[in-house]
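Below, each chain spelled out in residue letters.
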Amino acid sequence: MRARLSDIAQQAEVSEATVSRVLNDRPGVAPETRQAVLTALDVLGYERPARLRKRSAGLVGLVVPELDNPIFPAFAQIIESALAPTGFTPVLCTQTPGGVREDEYVEMLLDRQVSGIVFVSGLHADTAADHDRYRTLLARPLPIVMINGYAPGISAPFVSCDEREAADLAVAHLVALGHRRIGLITGPDRFVPVQRRVAGYLATMKRLTDVTDAELSELTELSLFGVEGGEAAAARLLDRGVTGIVCGSDLMALGAIRAARQRGLSVPADLSVVGYDDSPLMAFTDPPLTTMRQPVTAMAVAAVRALVDEINGHASPHSEYLFRPELVVRGSTAVARVAAGSDDGRARQRPAPSALAVSA
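In this report, we go over the structure that sits alongside the text. Numbers given to residues run from 1 along each chain, matching the order in which its sequence is written. Given that the model is predicted, a residue must reach a pLDDT of at least 70 before its local features are reported, and side-chain atom pairs must reach 80 or more before they are shown or counted; all residues, however, enter totals for whole chains, interfaces and linings. Computation of side-chain values covers all heavy atoms of the structure but excludes hydrogens and water.

**Some thoughts on the overall build of the chain**
1) Next: Segments assigned H or I by DSSP are reported as helices when at least four residues long, segments assigned E as strands when at least two residues long, and all are numbered from the N terminus. Of regular secondary structure, the chain possesses 13 helices and 13 strands.
2) Next: Across its three principal axes, the chain shows a C-alpha extent of roughly 95 × 40 × 35 Å.
3) Next: For the exposure calls, accessible area comes from a 1.4 Å probe over protein chains only, and a residue counts as buried if that area is under 20% of its type's maximum, exposed if over 50%, partly exposed in between. Looking at the chain as a whole, 52% of its 360 residues are labelled buried.
4) Next: At a minimum sequence separation of 6, the contacts of the chain that also span at least 24 residues come to 70%.
5) Next: Methods summary: accessible areas were calculated by the Shrake-Rupley approach with a probe of 1.4 Å, and residue burial reflects only the protein chains presented. Only carbon and sulfur atoms are counted for the fraction: they give 52% of the accessible area of the chain, which is about 16,200 Å².
6) Next: Counting 36 positive and 42 negative side-chain charges, the chain places the averaged centre of each group 1 Å from the other. In what follows, a contact means two residues having at least one pair of non-hydrogen atoms within 4.5 Å. Charged-residue counts in this description rest on Lys and Arg as positive and Asp and Glu as negative, His and the chain ends being excluded. Taken as the charge location is NZ of Lys, CZ of Arg, CG of Asp or CD of Glu.

Right under this line is the structure:
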């Protein structure tokens, strides 16, 4: 084996250590160097190791953060459907608190010789995470595509919903209904989508209302994603007199509605709530939830097309594709009391139409 390594290294004009890394499919080798070693194998008549032959038939990794939030099963379903005509089958990897981590799933997928990986709301969206893990995958080389979240310096396609636009549309909707004390509930600020949503909220509030910077700070609540996080944040915002709340997910919006009801308040009569995602069943909640719809189908199909193109050697543009959200007005938002102008100064709110979709 030493002689073979020496021969291959001489032919490829690299070190024996580099040859060893390539033969064992280890990271840390530039794509052009890896190709030089593989070419040397072919020229010298050596058979490529099984792990370096064509990747196993039709397997693609699909890494999602959880399945409790209905938006992630929705992405998984569309991605699976979009992959089927291309001959690829997704290997679903779901993270849970205290369970298997993203990096561990990636190792498992590499062992199965997947042809590529789609990451949905993964560590690429976390500005506190080390993004070298993705550069290592690309250096193998392994095609990857990221959904919802952007990390600069990674040569891969990104597919995202425009969070700034979503916040702008949600705030503008509530302002049009007469609300001025509008709060924002979203997740931890280390996540790129959260940063964009906060930026959109602040910019629109400054443009459309006379709320001061100090007030905006009090009206912005960062919490844990989920019903419980939304409920806790909404309770704090209700103490500060909000009449409308924009939420970073539908589950957070359901938590906000629960917090209002625990205080004997009615939604939308006393509080208007806007969600985000338009997860399945949101049209059937009580009240039906006004929300910002992610174009899941369009985003998932674009991600699959980009990944398959990468796998087939037709490189997609390594940039971020932004998809516009859609405001779906249902029954959780209504005219603010102070804007209705009744004789006693506390007019009753008129509920919004139950299922009107307004295209962004």
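**Overview of the packing of aromatic side chains**
1) Next: Note on aromatic pairs: the rings of Phe, Tyr and Trp (six-membered ring only in Trp) are paired at centre separations within 6.5 Å, and the planes decide the class, stacked below 30 degrees, edge-to-face beyond 60, tilted for the rest. Using the criterion set out here, one finds 2 aromatic pairs in the structure.
2) Next: Between the aromatic rings of F119 and Y134, the centroid separation amounts to 5.2 Å while the plane-to-plane angle is 80°, which identifies the pairing as edge-to-face. Here Y134 lies in helix α6 (residues 132–139) and F119 lies in strand β3 (residues 116–120), a separation of 15 residues in the sequence.
3) Next: For Y134, a relative accessible area of 1% translates into the label buried.
4) Next: Relative to F158, the ring of Y150 lies with its centre 4.8 Å away and its plane at 65°, an arrangement referred to as edge-to-face.
5) Next: Using a relative accessible area of 1% as the deciding quantity, one classes F158 as buried.
6) Next: As a reminder, the over-ring test applies to NZ of lysine and CZ of arginine, requiring each to be within 6 Å of the ring centre and within 35 degrees of the ring normal. Over the face of the ring belonging to Y276 we find R197, whose NZ or CZ atom lies 4.8 Å from the ring centre.

**Topic: the sheet that holds strand β4 (residues 144–147)**
1) Next: The strand order across the open sheet built from 6 strands is β2-β1-β3-β4-β5-β11, with neighbouring strands paired in parallel fashion. Strands with a single pairing partner mark the edges of an open sheet, and in this sheet they are β2 (89–94) and β11 (320–323). Geometrically, the sheet is characterised by an average inter-axis angle of 20° between neighbouring strands, direction not taken into account.
2) Next: Here strand β1 (residues 59–64) pairs with β3 via 4 bridges, running parallel. Counterpart to V63 in the pairing with β3 is F119.
3) Next: Between N-to-C directions, angles span 0 to 180 degrees; the directions come from axes that are lines fitted to C-alpha atoms, helices contributing only their stretch in contact. Sitting on the sheet, helix α12 (residues 296–311) touches β1, β3, β4, β5 (158–161) and β11, and the angle it makes with β4 is about 165°. Strands are labelled as partners when DSSP assigns at least two bridges between them.

**A short note on empty space enclosed by the protein**
1) Next: Here a cavity denotes a set of grid points, spaced 1 Å apart and computed over the protein atoms alone, in which a 1.4 Å probe fits but from which it cannot get out, and a pocket denotes an open set meeting protein on both sides within 12 Å along at least five of seven lines; residues with an atom within 4 Å of a point are reported as lining. Grid points are joined across faces, edges and corners, and a volume is the space filled by probe spheres set on the points. One pass over the full model with this rule turns up 1 cavity of 30 Å³ or more.
2) Next: When its volume is computed, the largest cavity comes out at roughly 40 Å³.
3) Next: Surrounding the largest cavity, A166, A167, A170, R197, V246, C247, G275, Y276 and M292 form its lining.
4) Next: Elements represented by at least two residues in the lining of the largest cavity include exactly α7 (163–176), β8 (244–247) and β9 (272–277).
5) Next: In terms of residue count, the dominant contributor to the lining of the largest cavity is α7 (3 residues).
6) Next: The nonpolar class holds Ala, Val, Leu, Ile, Met, Phe, Trp, Tyr, Cys and Pro. Asp, Glu, Lys and Arg form the charged class, and all remaining residues, Gly among them, are polar. Here the lining of the largest cavity is built from residues that sort into 7 nonpolar, 1 polar and 1 charged.

**Let's talk about the side chain of T290**
1) Next: Position of T290 among the secondary structure elements: in strand β10 (residues 290–293).
2) Next: T290 sits in the buried class, given a relative accessible area of 0%.
3) Next: Residues adjacent in sequence count toward polar contacts only when both atoms are side-chain atoms; beyond that, a polar contact is any pair of N or O atoms within 3.5 Å, and within protein one must be able to donate a hydrogen and the other to accept it. At 3.0 Å, the side chain of T290 and the side chain of T333 are in polar contact.
4) Next: With residues up to four places along the chain from it excluded, the contact list for T290 reads H173, V273, V274, G275, L327, V328, V329, R330, G331, S332 and T333.

**Some details on helix α8 (residues 192–208)**
1) Next: Here, expected helix span is obtained from the residue count minus one, scaled by 1.5 Å. Compared with an ideal rise of 1.5 Å per residue, which puts 17 residues at 24 Å, α8 spans 24 Å between its outermost C-alpha atoms and is within 8% of the ideal.
2) Next: Looking at α8, one finds that the buried residues are V192, P193, V194, R196, R197, V198, G200, Y201, T204 and M205.

**Let's talk about the packing of helix α2 (residues 16–23) against helix α3 (residues 31–44)**
1) Next: Put simply, α2 and α3 touch, their axes get as near as 10 Å, and they point 85° apart. Of the possible angle classes, the one that applies to α2 and α3 is roughly perpendicular. Listed contacts from α3 to T18, V19, V22 and L23 of α2 are T33, R34, V37, L38 and L41.
2) Next: Considering only residue class, the contact of α2 with α3 consists of 6 nonpolar, 2 polar and 1 charged. Oblique is the label for any angle not covered by the other classes, which are roughly parallel (under 35 degrees), roughly antiparallel (over 145) and roughly perpendicular (65 to 115).

**Section: the pattern of salt bridges**
1) Next: In the sections that follow, a salt bridge refers to a side-chain nitrogen of Lys or Arg positioned within 4 Å of a carboxyl oxygen of Asp or Glu. Inspection of every chain in the model, using the stated rule, returns 19 salt bridges.
2) Next: Between D213 and K206 there is a salt bridge, and its shortest N-O distance comes to 3.6 Å.
3) Next: When the shortest N-O distance is used, the salt bridge between R293 and D278 registers 2.7 Å. A residue pair is termed long-range when its members are at least 10 positions apart, and R293 in strand β10 and D278 in the loop between β9 and β10 qualify at 15 residues.
4) Next: Through salt bridges with shared partners, a single network forms among D278, R293, E326 and R330.

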